[in-house]
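# Summary of the model geometry
If you want the building blocks of each chain, they are given just below.
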Amino acid sequence: MPMRTATAKTTTFDNFIDGAWVPSASGDTFENRNPANTDDLVGDFQKSTAEDAAQAIDAARFAYERWRLVPAPRRAELLFRAAQLIADRKESLARDMTREMGKVLDETRGDVQEAIDMTFFMAGEGRRQYGQTVPSELRDKFAMSIRQPVGVSAIITPWNFPMAIPSWKIVPALVCGNTVVFKPATQTPLSALNFVRILEEAGIPRGVVNLVTGGGGEVGSALLVSDTVRVVSFTGSTDVGRTVAERAGPSFKKVHLEMGGKNVVMIMDDADLDLAVEGCLWGGFGTTGQRCTAASRVVVHESVYKTFLEEFVARARALRVGDGLDPKTEMGPSVSEGQLQTVIKYVDIGLKEGAKLACGGHALTTGPYARGFFHEPTIFADVAPSMRIAQEEIFGPVVSVIPCRSFEEAVAIGNGVQYGLSASIYTRDMNRAFSAMRDMDTGIFYVNAPTIGAEVHLPFGGTKATGNGHREAGTAALDVFSEWKSVYVDFSGRLQRAQIDTADL
Ligand code: UN1
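Residues numbered from 1 in each chain as written. Predicted model: local features only at pLDDT ≥ 70, side-chain atom pairs only at ≥ 80, totals over all residues. Heavy atoms only, no water.

## As for the packing of aromatic side chains
Under the criterion given, the structure shown has nine aromatic pairs. Seen from their ring centres, W159 and F395 are 5.6 Å apart, and the 80° between their planes marks the pair as edge-to-face. In this pair, W159 is assigned in the loop between β9 (152-156) and α5 (164-175) and F395 in the loop between β19 (378-381) and β20 (398-404), connecting sequence segments 236 residues apart. Considered together, W159 and F395 belong to a single accessibility category, that of buried residues. Each residue in the set F13, F30 and F45 is aromatic and connected to the rest through ring pairs, giving one cluster. Here K103 stacks its cationic end above the ring of F161, 3.6 Å away from the centre of that ring. It is R291 that lies over the ring of W282; its NZ or CZ is 5.2 Å from the centre. (Phe/Tyr/Trp six-rings, centres within 6.5 Å; stacked < 30°, edge-to-face > 60°. Helix = DSSP H or I, 4+ residues; strand = E, 2+ residues; numbered from the N terminus. Buried < 20%, exposed > 50% of the residue type's maximum accessible area, 1.4 Å probe, protein only. Lys NZ or Arg CZ within 6 Å of the ring centre and 35° of its normal.)

## Some details on the domain arrangement of the protein chain
Considered domain by domain, the protein chain is made up of domain 1 (16-35 + 45-259 + 467-485) and domain 2 (264-447). Centre-to-centre, using C-alpha coordinates, domain 1 lies 31 Å away from domain 2. In total, domain 1 and domain 2 occlude about 1,700 Å² of area from one another, counting both sides; carbon and sulfur atoms represent 62% of this. Area buried by domain 1 at its contact with domain 2 is led by P35, E107 and W159, which between them contribute 32% of it. Summed over the shared surface of domain 1 and domain 2, the result is one salt bridge. As a salt-bridge pair, E107 and R291 come within 3.5 Å of each other at their nearest N and O atoms. At the surface where domain 1 touches domain 2, the tally comes to four residue pairs in polar contact (both at pLDDT 80 or more). Residue assignment for the side of domain 1 that touches domain 2 shows that the elements contributing at least two residues are α3 (90-101) and α4 (105-124). If one sorts the elements of the side of domain 1 that touches domain 2 by residue count, α3 sits on top with three residues. (Domains from an automatic or database assignment. Buried area = accessible area lost by both parts, 1.4 Å probe. Salt bridge = Lys/Arg side-chain N within 4 Å of Asp/Glu carboxyl O. Polar contact = N/O pair within 3.5 Å; in protein donor to acceptor, adjacent residues only side chain to side chain.)

## Here's the deal with the site of the ligand
Around the ligand sit E114, N160, F161, I165, W168, R291, C292, T293, I452, G453, A454 and F460, and those are all the residues in its vicinity. Measuring from an oxygen atom of the ligand, one finds a backbone N or O atom of C292 at 2.8 Å. For the ligand, an oxygen atom lies 2.9 Å from a polar atom in the backbone of G453. Protein contacts shield 98% of the accessible area of the ligand, which totals 320 Å² for the unbound molecule. Two domains share the shell around the ligand, each providing at least three of its residues, namely domain 1 (16-35 + 45-259 + 467-485) and domain 2 (264-447). (Near = heavy atom within 4 Å. Areas by Shrake-Rupley, 256 points an atom, 1.4 Å probe, with all protein chains shown as cover.)

## Some remarks on helix α6 (residues 189-202)
Look at α6: 20 Å from first C-alpha to last across 14 residues, which is about the 20 Å you get at 1.5 Å a residue. Counting buried positions over the 14 residues of α6 gives eleven, a clear majority of the element. Those residues of α6 lying buried are P189, L190, S191, A192, L193, N194, F195, V196, I198, L199 and A202. Directly beyond the C-terminal end of α6, a positive phi value near 105° is found at G203. (Expected span 1.5 Å × (residues − 1).)

## A short note on the sheet that holds strand β7 (residues 132-135)
Pairing is antiparallel in the open sheet, where three strands are placed in the order β7-β8-β25. Each edge of the sheet is formed by a strand with only one pairing partner; in this case those strands are β7 and β25 (482-490). Neighbour to neighbour, the strand axes of the sheet diverge by 20° on average, direction disregarded. In terms of strand pairing, β7 meets strand β8 (residues 141-149) through four bridges, oriented antiparallel. In the strand pairing of β8, Q132 is matched with S145. (Pairing = 2+ DSSP bridges. Axes fitted to C-alpha atoms, helices over the stretch in contact; angles between N-to-C directions.)

## Section: the packing of helix α1 (residues 50-67) against helix α7 (residues 216-225)
The angle between the axes and the distance between the axes are what describe a pair of packed helices. One way to put it is that α1 packs onto α7 with a least axis distance of 8 Å and a crossing angle of 40°. Relative to α7, the element α1 lies oblique. For the crossing formed where α1 meets α7, the hand is right-handed. Along the contact surface, α1 presents A50, A53 and I57, while α7 presents E218, V219, A222 and L223. Tallied by class, the residues present in the contact of α1 with α7 amount to six nonpolar, no polar and one charged. (Parallel < 35°, antiparallel > 145°, perpendicular 65-115°, else oblique. Left-handed = near helix turned anticlockwise from the far one by under 90°. Contact = heavy atoms within 4.5 Å. Nonpolar A, V, L, I, M, F, W, Y, C, P; charged D, E, K, R; others polar.)

Next up, the structure:
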């Protein structure tokens, strides 16, 4: 059992190592509180140490020797079962998630659905994982490439998609035959634990998936420097991602990084403005702006700028902010005090930079908001592309609206940031849509839709400071969690020298 009742009021949750639910060697725990109401203690979780991480790595190393030899379609059967269990429990998983990280129920249901989709999709890869067979240049010789698992995989995940993102990493790792040590964000350990509990119930053998909760400094570092860990898949900020790459580099791990974004919606003079407003509300304030894919910049053609801004501001003002568990709520709290302080800091920066505060701009601290980390939906208008609020990832409900004079200028502004995750254009002109599709330096692009809404069966990731050349989701995820092996079988019975001998005609 993953939980123990410590007192009448609190529940303590354990790590999962080598098939057993165990406390940390530290004897310490940390609290997980509801960001909409900090009086609500979700539970106490293990504040793990490098020693706990080492035990989990050992368990994963041992389990790998068996798991890698289980035929992939058999591995996949367990994953299909897990997908169905997640689907059966969707509602309670979503409620746990809203309670621990704040986003509204509709969105946590979507998060769980994304985990269901990914798990079904990747389980299907158990019967594919296609390689290549190609003709050899020599007679009586067979040539092919096959995927091989890599080994122990460290999975380090953020709090904004507490079940979807772990599934994007853990399920492809497993279907390829790797074993896993999973360190979730400290803000969302319950959703991580719920996911692992389902994998356990689905029959994943002992040691194949291990969960170690705790901080990046202790647990994360131990995973990064271990020689046994062969893959690291990390989603989080660009700053932390850089540290991950540096620390994992000396042991030549495969490192997959999914980092920051400063995504842009470009609204042209021929756009359907009502549609664009809907898209910007959803893209900018969905998940309280706490998505890597959030539409935090909106570049608008000057001829429709005023009309768009008025409508966008009116609709943002009307958004109902509150507890995500209340079905009437449209935007929940920030995940933590620290995140709320970041939002407040950036509002101040925007004001000092001379951007025009069009709505919002304040933390909500009274009445129903008194015990949570709430902030008004905030729009800055007349923002210059070079301002910090238009350059830096805020990860909160703050959108910068930037005027432009032409399509070309919109593309230049859109590309003028260090990140390259997602971009979108609203236009009825097919030529512009295709030009932007080609010219935006991002990993994801949308036409007449906001910057959020990726589906699991296409690659997810970005260019420049967003990523390091890998992708998750889609079959691209298999490339992170497998190594190619090229295999040559010579059945000629004699030495044949490639590049030197020539096959007779
Ligand atoms: C993230 O923001 O980290 O496209 C992931 C989307 C979601 C996934 C977002 N399907 O916004």
